[in-house]
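The lines below spell out each chain.
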Amino acid sequence: MSEEFCDINDKGKSCCSSSEKKDIDLAEHWDKTYLKSPEEKLGWYETDLAPTLNLVAKANLKKSAKILIAGAGSTNLVDSLIDSGYDQLLASDISAVALKNLESRIGHEKIVFLVDDLTKPSHLLDINPVDLWIDRAVLHFFITNEEQGVYFDLLNKKVKSQGYVILAEFNLNGATKCSGLPVHRYSKEMLQEKMGPEFKLVESFDYNYVMPSGEQRPYIYTLFKKQ
Ligand SMILES: C[S@@+](CC[C@H](N)C(=O)[O-])C[C@H]1O[C@@H](n2cnc3c(N)ncnc32)[C@H](O)[C@@H]1O
């Protein structure tokens, strides 16, 4: 694959580190989170990927489509996309540990891993635009206008014309914290406003995700198409 590969063992080198303390703390926070729990105990671990996969199917992309899983963690959505035949995947995350777990499970033949911060992107600025951007449970951690502005600016630049975006975030009935961090909850109207008029809402639905603990977490799922 053509994009520069930021090796997940490079954490701490210039391509993967930041001089800003906030970034370092967040990377550490997420690394520790992934180190201390087996994957299937994580509060966002999914056994039923249907909500996302149904939206991917709606986009009706070629198997050669370029797909970014933003804030992928170690999600088994990646395994499922590979099993479905997609072979131009990028998985980004602030946590090198999460991506290392993913790499150990699926290898690196059909996927590029990028350790990067979606609110202070460096490597992500260099990727070629994608046909589909998938974010489940990541955007809602960006609570300042500045963080959200950087995220949506990046998204806008890195999604092709006629490309698609799946955003699945805590909805207005959702929890106010996740993984010990405050979250910003969304309705589909709020997401549309953030995406701007260039993106048309194709589909949306509420979904009650059930955590491994049995607790419920209400999400809003949206599929947008860029005009
Ligand atoms: C709740 S988990 C969801 C993981 C995955 N999307 C899923 O559905 O299983 C949130 C993910 O966002 C990542 N993350 C948090 N802040 C980030 C940031 N500023 N830039 C990139 N990734 C971030 C975390 O490391 C974590 O993997």
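S.K.: Before we go on, may I ask you to explain the overall build of the chain in this structure?
M.R.: Along the backbone of the chain there are six helices and nine strands. The 227 residues of the chain split such that 39% are buried. Intrachain contacts of the chain at a sequence separation of at least 6 include 67% that bridge at least 24 residues.

S.K.: Would you mind going over the environment of Arg 105 with me for this structure?
M.R.: Relative to the assigned elements, Arg 105 resides in helix α4 (residues 96-106). C-alpha of Arg 105 to C-alpha of Ser 74: the two residues are 31 residues apart in sequence and 8.9 Å apart in space.

S.K.: Is there a simple way to think about unusual backbone geometry in this case?
M.R.: Excluding glycine, most residues fall at negative phi; most peptide bonds, likewise, are trans. The backbone of Gln 162 sits at a positive phi, close to 75°, despite the residue not being glycine. You can see Gln 162 is positioned in strand β5 (residues 159-170). The exposure class assigned to Gln 162 is exposed, which follows from the 9 C-beta atoms found within 10 Å. Positive phi outside glycine occurs at Ser 179, with the angle close to 50°. Take Ser 179: it is sitting in the loop between β6 (177-178) and β7 (181-182). Using a count of 13 C-beta atoms within 10 Å as the deciding quantity, one classes Ser 179 as partly exposed.

S.K.: Is there a simple way to explain the site of the ligand in this structure?
M.R.: Near the ligand there are 19 residues, and of these Trp 30, Gly 71, Gly 73, Thr 75 and Ile 94 occur at the shortest range. A class-by-class count of the residues in the shell around the ligand yields 11 nonpolar, five polar and three charged.

S.K.: What is the right way to read the nonpolar core from this model?
M.R.: Grouped together as the largest cluster of nonpolar side chains are 60 residues, with contacts concentrated most on Ile 67, Ile 69, Val 78, Leu 89, Ala 91, Trp 133 and Val 165. If sequence neighbours within four positions are ignored, Val 78 has contacts with Ile 69, Ala 72, Leu 89, Ala 91, Leu 102, Ile 106 and Ile 111.

S.K.: Before we go on, may I ask you to explain the environment of Tyr 186 in this structure?
M.R.: Within the secondary structure, Tyr 186 is located in the loop between β7 and α6 (188-195). Residue Tyr 186 is classed as buried on the basis of its 23 C-beta neighbours within 10 Å. For the pair formed by Tyr 186 and Tyr 221, sequence separation is 35 residues and the distance between their alpha carbons is 9.9 Å.

S.K.: Hey, could you run me through the pairing of strand β9 (residues 216-226) in this one?
M.R.: As a general feature of sheets, a regular strand has side chains that alternate between the two faces. As paired strands, β5 and β9 are joined by seven bridges and run antiparallel to one another. Opposite Val 165, over in β9, you have Phe 224 as the bridge partner. Taken together, the 11 bridges between strand β8 (residues 199-210) and β9 define a ladder with antiparallel strand orientation. Counted as the bridge partner of Glu 203 is Leu 223 from β9. Counting the residues that bridge the hairpin from β8 to β9 gives five residues, and of these Gly 214 lies at a positive phi of roughly 100°.

S.K.: Sorry if this is basic, but what is going on with the environment of Leu 61 here?
M.R.: Tracing the chain through its elements places Leu 61 in the loop between α2 (50-59) and β1 (66-69). Separated by 70 residues in the primary sequence, Leu 61 and Asp 131 have C-alpha atoms spaced 7.9 Å apart. Beyond its immediate chain neighbours, meaning those up to four positions away, Leu 61 contacts Asp 131 and Leu 132.

Quick notes on the rules
- Residues numbered from 1 in each chain as written.
- Predicted model: local features only at pLDDT ≥ 70, side-chain atom pairs only at ≥ 80, totals over all residues.
- Helix = DSSP H or I, 4+ residues; strand = E, 2+ residues; numbered from the N terminus.
- Buried ≥ 20, exposed ≤ 12 C-beta atoms within 10 Å, placed from the backbone.
- Contact = placed C-beta atoms within 7 Å.
- Near = placed C-beta within 6 Å.
- Nonpolar A, V, L, I, M, F, W, Y, C, P; charged D, E, K, R; others polar.
- Core = buried A, V, L, I, M, F, W, Y, C linked by C-beta atoms within 7 Å.
- Pairing = 2+ DSSP bridges.

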